[in-house]
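# Examining the three-dimensional arrangement
One letter stands for each residue in the lines below.
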Amino acid sequence: MPKGFLPMNELLRAAAADGYAVPSFCAWNAESMITVLSVAADLRAPVILMNGPGEYPLLGPSDMAAVAHTVIRRFSQPVALHLDHGNSVPLVCECLAAGYTSVMLDFSQRPYRENAAAQREVVQLAHPRGVTVEGELGTLGGIEDEIAASHIILTNPEDAKKFVEQTGVDALAIAIGTSHGAYKFKATPTLAMDIVEKTHKLIPNTYLVMHGSSSVPKELVDEVNKFGGKVPNAMGVPIHMIQQAIKLGVRKINIDTDGRLAFTAAIRKYFVEHPEGFDQRKYLGEARQAIFTWIQSKMKDFGTAGHANDYKGITLKDTMARYAK
Ligand SMILES: [Zn+2]
């Protein structure tokens, strides 16, 4: 079984072969990484750890990767380490040097030509190292991690095909109406599933990615608010819509907001019930347990659980050779 991080491509290839999706969780310290990996180990599931410019003020790419590469030694299921929403080519280079096995450059807010040219450059830097590349075409709404889309532009499937042909990206984040953060919708959302279907038909070998895919479950929001929070009218993507997108070809699902809500709810509850408490090992322990339960549910909902043995321990070296062909 794999030791260390696998190229993300290998995880998504196996997911495509069996019709499930791999969740990508934001993990940016040893504790959050161990929590995600422990759940994945319990459920024998592949998983993606991601972090990016939003986390790097705390720990830069090389230190972050050093932590991740230390933590992964305790685990043997398939895991990829992914740069999420990289905002410059130099940052991508830093992550490649640090040992990320997948990188994303998000130039989706820039003109098509600029996005495609930069993406091509990233592919030329990453593939000789066997590292997977994710691009993004179209824009998401919401504000998170410094990404503010003032108006949403859904992905045009024909453009997506052209983009993949011109750049050689392995995975593509598409905009189908989801948005980052907890306030995604005012009413039950309508997502452009036809875009998923058409894009998948046009580029069946490119792994489609959904960002902004937290479900923002009402019970989690209610729990936060019950213990003193003020998160009114938050709404996310219902799980059945994500499952429909998986059926139509989505292979990687980025989620972060739900984890933040679960973590916050547990800490708020702890302090309301233990006003005398001030030991972070105790309240962070409660929060970790809440995250644990939440990750388990995603692994089951996305069909990821039980798939840890779909891999033959493909390494960066193997994919290097494959890209060179
Ligand atoms: Zn995103």
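Since we're looking at a predicted model, the values are computed, not measured. (Residues numbered from 1 in each chain as written. Predicted model: local features only at pLDDT ≥ 70, side-chain atom pairs only at ≥ 80, totals over all residues.)

### Topic: the overall build of the protein chain
Scanning the protein chain from N- to C-terminus turns up twelve helices and ten strands. Along the longest, intermediate and shortest principal axes, the C-alpha atoms of the protein chain span 60 × 45 × 35 Å. Of all 325 residues assigned to the protein chain, the portion counted as buried reaches 49%. Here the analysis covers contacts within the protein chain between residues at least 6 apart in sequence; of these, 76% occur between residues at least 24 apart. (Helix = DSSP H or I, 4+ residues; strand = E, 2+ residues; numbered from the N terminus. Buried ≥ 20, exposed ≤ 12 C-beta atoms within 10 Å, placed from the backbone. Contact = placed C-beta atoms within 7 Å.)

### What to know about the packing of helix H7 (residues 193-202) against helix H9 (residues 239-248)
The interhelical angle for the contact between H7 and H9, taken along N-to-C directions, is 20°, at an axis separation of 9 Å. The angle between the axes of H7 and H9 places the two elements in the roughly parallel class. Between H7 and H9 the crossing geometry is right-handed. For the pair H7 and H9, the contacting residues are Met193, Val196, Glu197 and His200 in the first and Gln244, Ala245 and Leu248 in the second. Classifying every residue of the contact of H7 with H9 by side-chain character gives four nonpolar, two polar and one charged. (Axes fitted to C-alpha atoms, helices over the stretch in contact; angles between N-to-C directions. Parallel < 35°, antiparallel > 145°, perpendicular 65-115°, else oblique. Left-handed = near helix turned anticlockwise from the far one by under 90°. Nonpolar A, V, L, I, M, F, W, Y, C, P; charged D, E, K, R; others polar.)

### A look at the packing of helix H4 (residues 89-98) against helix H5 (residues 112-126)
At a closest axis distance of 11 Å, the pairing of H4 and H5 adopts a crossing angle of 15°. In terms of their interaxial angle, H4 and H5 are classed as roughly parallel. By crossing handedness, the relation of H4 to H5 is classed as right-handed. Side by side, H4 and H5 meet where Val89, Val92, Cys93 and Leu96 of the first sit next to Ala118, Glu121, Val122, Leu125 and Ala126 of the second. Class assignment of the residues belonging to the contact of H4 with H5 gives a composition of eight nonpolar, no polar and one charged.

### A closer look at the sheet that holds strand E2 (residues 47-51)
Ordered in space as E1-E2-E3-E4-E5-E8-E9-E10, the eight strands form a closed barrel in which the pairing is parallel. Neighbouring strand axes in the sheet, compared pairwise and without regard to direction, differ in orientation by 25° on average. In terms of strand pairing, strand E9 (residues 207-210) meets strand E10 (residues 250-255) through three bridges, oriented parallel. By the bridge assignment, Met210 is partnered in E10 with Ile253. (Pairing = 2+ DSSP bridges.)

### Focus: helix H1 (residues 8-18)
Residues of H1 that are buried: Met8, Asn9, Glu10, Leu11, Leu12, Ala14 and Ala15. Downstream of H1 by one or two residues, Gly19 has phi in the positive range, about 75°.

### Digging into the nonpolar core
Core analysis: the largest hydrophobic core is formed by 93 residues, its most contacted members being Val36, Leu49, Val79, Val103 and Leu172. At six residues, the largest contribution of residues to this core is made by helix H11 (residues 280-301). Beyond its immediate chain neighbours, meaning those up to four positions away, Val103 contacts Leu83, Gly86, Val92, Cys95, Leu96, Val122, Ala126, Val131 and Val133. (Core = buried A, V, L, I, M, F, W, Y, C linked by C-beta atoms within 7 Å.)

### Some words on the confidence of the model for the protein chain
Considering every residue of the protein chain, the mean pLDDT works out to 91; 95% of them sit at 70 or more. Low pLDDT, under 50, characterises residues 143-147; the predicted model gives this stretch 13 contacts beyond four residues in sequence or across chains. (pLDDT = per-residue confidence, 0-100.)

### Examining the environment of Ala15
Looking at the secondary structure, you find Ala15 in helix H1. Note on Ala15: 23 C-beta atoms within 10 Å, which makes it buried. Between the C-alpha atoms of Ala15 and Gly138, which are 123 residues apart in sequence, the distance is 24 Å. Once you skip the residues sitting within four places of it in the chain, Ala15 turns out to touch Tyr20, Ala21, Val22 and Arg251.

### Notes on unusual backbone geometry
One non-glycine residue, Arg44, lies in the positive phi region at around 50°. Take Arg44: it is sitting in the loop between helix H2 (30-42) and E2. With a phi close to 50°, His85 is a non-glycine residue in the positive phi region. Looking at where His85 falls in the secondary structure, it is placed in strand E3 (residues 79-86).

### Comments concerning the pairing of strand E1 (residues 22-26)
Counting buried positions over the five residues of E1 gives five, a clear majority of the element. Here E1 shows two buried faces, one formed by Val22, Ser24 and Cys26 and the other by Pro23 and Phe25. Across four bridges, the pairing between E1 and E10 is parallel. Bridging across to E10, Pro23 finds its partner in Ile253. Where E1 meets E2, three bridges bridge the pair, whose relative direction is parallel. If you follow Cys26 over to E2, its bridge partner there is Met50. In this fold, the crossover linking E1 to E2 by way of H2 has right-handed handedness. (Right-handed = clockwise from strand over helix to strand, strands pointing away.)

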